[in-house]
Amino acid sequence: MNPDLSRERATASFNPETITYILDGSTERTRRRREIESLVINDPDFQHEDPNFLSRSERYEVAIKKSAQMVQKIRQHGISDPEEIYWFKRTCLGSQTDPLGLHYSMFLPTLLSQATPEQQERFFMPAWNLEIIGTYAQTEMGHGTHLRGLETTATFDPSTQEFILNSPTVSSIKWWPGGLGKTSNHAVVLAQLYTQGELKGLHAFIVPIRQMGTHEPLPGVTVGDIGPKFGFDETDNGFLKFDKVRIPRENMLMKYAQVEPDGTYIKPLSDKLTYGTMVFIRSMIVGDSARSLSRACTIAVRYSAVRHQSEIRAGEPEPQIMDFQTQQYKLFPLLATAYAFQFVGSYMNQTYHRITGDIQQGNLSELPELHALSAGLKAFTTWAASYGIEECRMACGGHGYSRSSGIPDIYVTFTPACTYEGENTVMMLQTARFLFKSYSAALSGERLEGMVSYLNDVSLQRVQAQPLAGRSLMTDINDLGSLVEAYKHRAAWLVVAASKNVQSDLKRGKRKEDAWNKNSVDLVRATEAHCHYVVVKLFVDKLAEILDVAAHRILSSLCLLYTLHGISRNTGDFLQAGLLTTSQLEQIHQRIKDLLAVIRPNAVALVDAFDYTDTQLGSVLGRYDGNVYENMFEWAKKSPLNKTQVHESFHKYLKPLQSKL
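Our subject in this report is the structure included herewith. In this text the structure is predicted, and so the values were computed from the model without any measurement. (Residues numbered from 1 in each chain as written. Predicted model: local features only at pLDDT ≥ 70, side-chain atom pairs only at ≥ 80, totals over all residues. Heavy atoms only, no water.)

### Comments concerning the overall build of the protein chain
Along its length, the protein chain carries 23 helices and 11 strands. In terms of overall dimensions, the protein chain has a C-alpha envelope of 90 × 80 × 60 Å along the principal axes. Taken over 661 residues, the protein chain has a buried fraction of 55%. Taking contacts inside the protein chain between residues at least 6 apart in sequence as the whole, the part at least 24 apart equals 74%. Accessible area for the protein chain stands at about 29,300 Å²; split by element, carbon and sulfur atoms hold 53% of it. In the protein chain, the 69 positive side-chain charges and the 72 negative ones have mean positions that sit 4 Å from each other. (Helix = DSSP H or I, 4+ residues; strand = E, 2+ residues; numbered from the N terminus. Buried < 20%, exposed > 50% of the residue type's maximum accessible area, 1.4 Å probe, protein only. Contact = heavy atoms within 4.5 Å. Areas by Shrake-Rupley, 256 points an atom, 1.4 Å probe, with all protein chains shown as cover. Lys, Arg positive; Asp, Glu negative; His and termini not counted. Charge placed at Lys NZ, Arg CZ, Asp CG, Glu CD.)

### A short note on the pattern of salt bridges
Counted under the stated rule, the structure contains 42 salt bridges. A salt bridge links Asp45 to Lys73, with the shortest nitrogen-to-oxygen separation between them at 2.8 Å. Here Asp45 is found in the loop between helix 3 (27-41) and helix 4 (56-76), whereas its partner Lys73 is found in helix 4, with 28 residues between them in sequence. You can call Asp45 partly exposed: its relative accessible area is 35%. (Salt bridge = Lys/Arg side-chain N within 4 Å of Asp/Glu carboxyl O.)

### Things to note about helix 2 (residues 16-24)
By the burial criterion, the buried members of helix 2 are Thr18, Ile19, Thr20, Ile22, Leu23 and Asp24. Tucked into the core, helix 2 has its buried residues touching helix 3, helix 9 (325-360), helix 16 (520-543), helix 17 (549-569) and helix 20 (603-608). For helix 2, the N-terminal cap is Asn15; the gap from its side-chain oxygen to the backbone nitrogen of Glu17 is 3.0 Å. Downstream of helix 2 by one or two residues, Gly25 has phi in the positive range, about 110 degrees. (Polar contact = N/O pair within 3.5 Å; in protein donor to acceptor, adjacent residues only side chain to side chain.)

### Overview of the nonpolar core
Across soluble globular proteins, nonpolar side chains have a tendency to be buried as a group. Among the nonpolar cores identified, the biggest contains 155 residues, and Ile19 and Tyr339 are the most heavily contacted of them. No other element matches helix 8 (residues 276-306), which puts 16 residues into this core. Contacts of Ile19, omitting those with residues within four sequence positions, involve Phe14, Tyr339, Ala551, Ile554, Leu555, Leu606 and Ala609. (Core = buried A, V, L, I, M, F, W, Y, C linked by side-chain atoms within 4.5 Å.)

### Here we look at the packing of aromatic side chains
Evaluated as defined, the whole model comprises 15 aromatic pairs. Here Phe46 and Phe88 contribute two aromatic rings whose centre-to-centre distance is 6.1 Å and whose plane-to-plane angle is 75 degrees, an arrangement assigned as edge-to-face. Note that Phe46 is positioned in the loop between helix 3 and helix 4 and Phe88 in helix 5 (residues 82-93), a separation of 42 residues in sequence. Here Phe88 falls in the buried class, since its relative accessible area comes to 0%. Ring centres 6.2 Å apart and planes at 15 degrees place the aromatic pair Phe124 and Trp128 in the stacked group. (Phe/Tyr/Trp six-rings, centres within 6.5 Å; stacked < 30°, edge-to-face > 60°.)

### Side note on helix 9
In a regular helix each residue adds 1.5 Å, so 36 residues correspond to 52 Å; helix 9 covers 52 Å between its end C-alpha atoms and thus fits that length. A positive phi of about 90 degrees marks Gly362, the residue just after helix 9. (Expected span 1.5 Å × (residues − 1).)

### A look at the packing of helix 9 against helix 10 (residues 367-395)
Running from N to C, helix 9 and helix 10 cross one another at 155 degrees; their axes reach a closest spacing of 10 Å. Comparing the axis directions of helix 9 and helix 10 gives the class roughly antiparallel. When the axes of helix 9 and helix 10 are compared, the crossing they make is left-handed. Across the contact of helix 9 with helix 10, the residue classes tally to 19 nonpolar, 5 polar and 2 charged. (Axes fitted to C-alpha atoms, helices over the stretch in contact; angles between N-to-C directions. Parallel < 35°, antiparallel > 145°, perpendicular 65-115°, else oblique. Left-handed = near helix turned anticlockwise from the far one by under 90°. Nonpolar A, V, L, I, M, F, W, Y, C, P; charged D, E, K, R; others polar.)

### Notes on the pairing of strand 6 (residues 198-208)
Alignment of strand 5 (residues 186-195) against strand 6, held across 9 bridges, turns out to be antiparallel. The partner of Leu190 across the bridge, within strand 6, is Ala204. As consecutive antiparallel partners, strand 5 and strand 6 are separated by 2 residues, and within that stretch Gln196 has a phi angle of approximately 50 degrees, a positive value. (Pairing = 2+ DSSP bridges.)

### Re the sheet that holds strand 4 (residues 174-175)
An order of 4-8-7 is seen for the 3 strands of this open sheet, with the pairing classed as antiparallel. Looking at which strands have only one partner, the edges of the open sheet turn out to be strand 4 and strand 7 (221-225). Taken together, the 2 bridges between strand 4 and strand 8 (residues 238-242) define a ladder with antiparallel strand orientation. Within the sheet, the bridge partner assigned to Trp175 lies in strand 8 and is Phe239.

### Focus: the packing of helix 12 (residues 424-443) against helix 16
Helices that pack against each other are described as a pair by the angle of their axes relative to one another and the distance between those axes. Interhelical geometry of helix 12 versus helix 16 gives an angle of 80 degrees and a closest axis separation of 8 Å. Relative to helix 16, helix 12 is oriented roughly perpendicular. Note on element contacts: helix 16 touches helix 12 through Ser520, Leu523, Val524, Ala526, Thr527, Glu528 and His530, opposite Thr425, Met428, Leu429, Thr431, Ala432 and Leu435. By residue class, the composition of the contact of helix 12 with helix 16 is 7 nonpolar, 5 polar and 1 charged.

### Some words on a positive patch on the surface
A grouping of Arg148, Arg433, Lys437 and Lys512 is seen on the molecular surface, where their side chains present a positively charged patch. Within the secondary structure layout, Arg148 lies in the loop between strand 1 (134-137) and strand 2 (153-157). (Patch = residues over 30% accessible without salt bridge, like charges linked within 9 Å, V, L, I, M, F, W, Y side chains within 5 Å.)

### Some details on the pairing of strand 3 (residues 162-166)
Across 5 bridges, strand 2 lies against strand 3 in antiparallel orientation. Counted as the bridge partner of Thr155 is Ile164 from strand 3. Between strand 2 and strand 3, which follow one another and run antiparallel, lie 4 residues, and Gln161 among them has a positive phi close to 60 degrees. Summarising the sheet, strand 3 and strand 9 (residues 245-248) pair through 4 bridges and their orientation is antiparallel. Residue pairing for strand 9: Leu165 is matched across the bridge by Val245.

The structure is reproduced here in structure tokens:
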């Protein structure tokens, strides 16, 4: 063990294991998770060559092999709980991606949520047994987040009881679905439904795309891989084009909307019910934001403890770079953010399952807020995590740029989340639409529930009308309850301001769409403030559940840092809304620096509490034992360029230039 890391762990004011239990939800869940992870770590079948030294084709083949092994091992070990399956797969994959990822995360959940019992009987078990391998084909070359703009058509032919799938334009070619290029033989295809000569909007269809057995594309289907990307080298993101491909009427997913044999269309109770898979994925992405950022923080914090560089006092030994306040200011707010997102991710997971349970009972009342919250938090957390992962890489200096650090792989695997399952700005505007409707409802006397209930408070509207110049609504910058109130008032102030701007333009005769676009920057700011409030509130609420004194003390410090750092990054909003004074702002800046000193001796223990194994981190810099340099040298020697002392290109191209030698 590197002595620097040993000393860091000895200085911690709490037991990291206690916080691990909090993050997992219980001691038993931690025990079971570790048990699942050890099945992978101790299995020789999962000890593969470092993928950084493989070509893309080789990486795909290794990933397919690993995917098949994962399925076999999960069955062999009798693991059936969805969360335990997720733990197993997460340990197998590390920073790599899975060509079967969409089969499990979107294809199967779509069958469960949108197929009738008869359709589930027909498709689900073959899909569970991987006879059917599916993907989710929504995005097209010309349209992604704007679902109404999708161009693929599904036209019902009552004479044959078939839908005819067609790609009428180049821009209508399905583009990007993972596992589509080479792996899948079926796809859930989102297409515009035409029946009895009328357009009925976007609906989901199960479409065979490859011949069972030979895996050759079916007639009328053009399918393939879209080529190298920024990351995701293991995954065959694909394209899919239909030329009048016919499928049976029974292949339209008909749990909510139906087309009868004569072509009569029966609409669903709510259009949003068909978006269940997307809401599920967006809720999951919030948790993925926490995990990706926490892994990057673990690497950067541990490396900052073992890396010595420069001087603080002339003539003295080089200190650990974590002793520099600037390094602490880079990393500790990100560490606090990772913890905040962990708790938000757990909340979203629980909320999704609770509300979808209500939906199954016919209660759709909370569906609009779930849709809005999942969209807004997906954008808010992925933007923050993507920025934070890159900040962690730069905090590791030059060595962070090496693939051996593990951070580049985390970044290129995670950052697409800012655009897939809904481009983030569009997601923010979707949530803004819900906030605008909620504020309008509150004005008309409706009592709001859930995370927007703060708009019921008429005093917040008075704050909007007359900011409290020179005074502050924050009674104590160290009081988390007071800070939650400040974030709530800020969110309300911006929501009300943006809404009033839209309403003002509407009163002046502007079309609704133009008024919305003209104020869209303000609407996004309002949504960011709303999401920021939700994150702060959930972090503070979580503290009330923590009984261990030492764990509560350090997590409260992290929560306070997250909250005050957020104010320091958005001072204009808080000052303009009359929520704090300039003197309080100075106090906040000083308090942040004080909190850095509180967290400094606990930083390594705080990342240890995330409980990532070296296998899961895949990082030389973030090793638990801290023995960075020896292992970095060993890693570099494995480069294929080092297989020979003299590369053949020397003899071909350089030696002729040196003819006199």
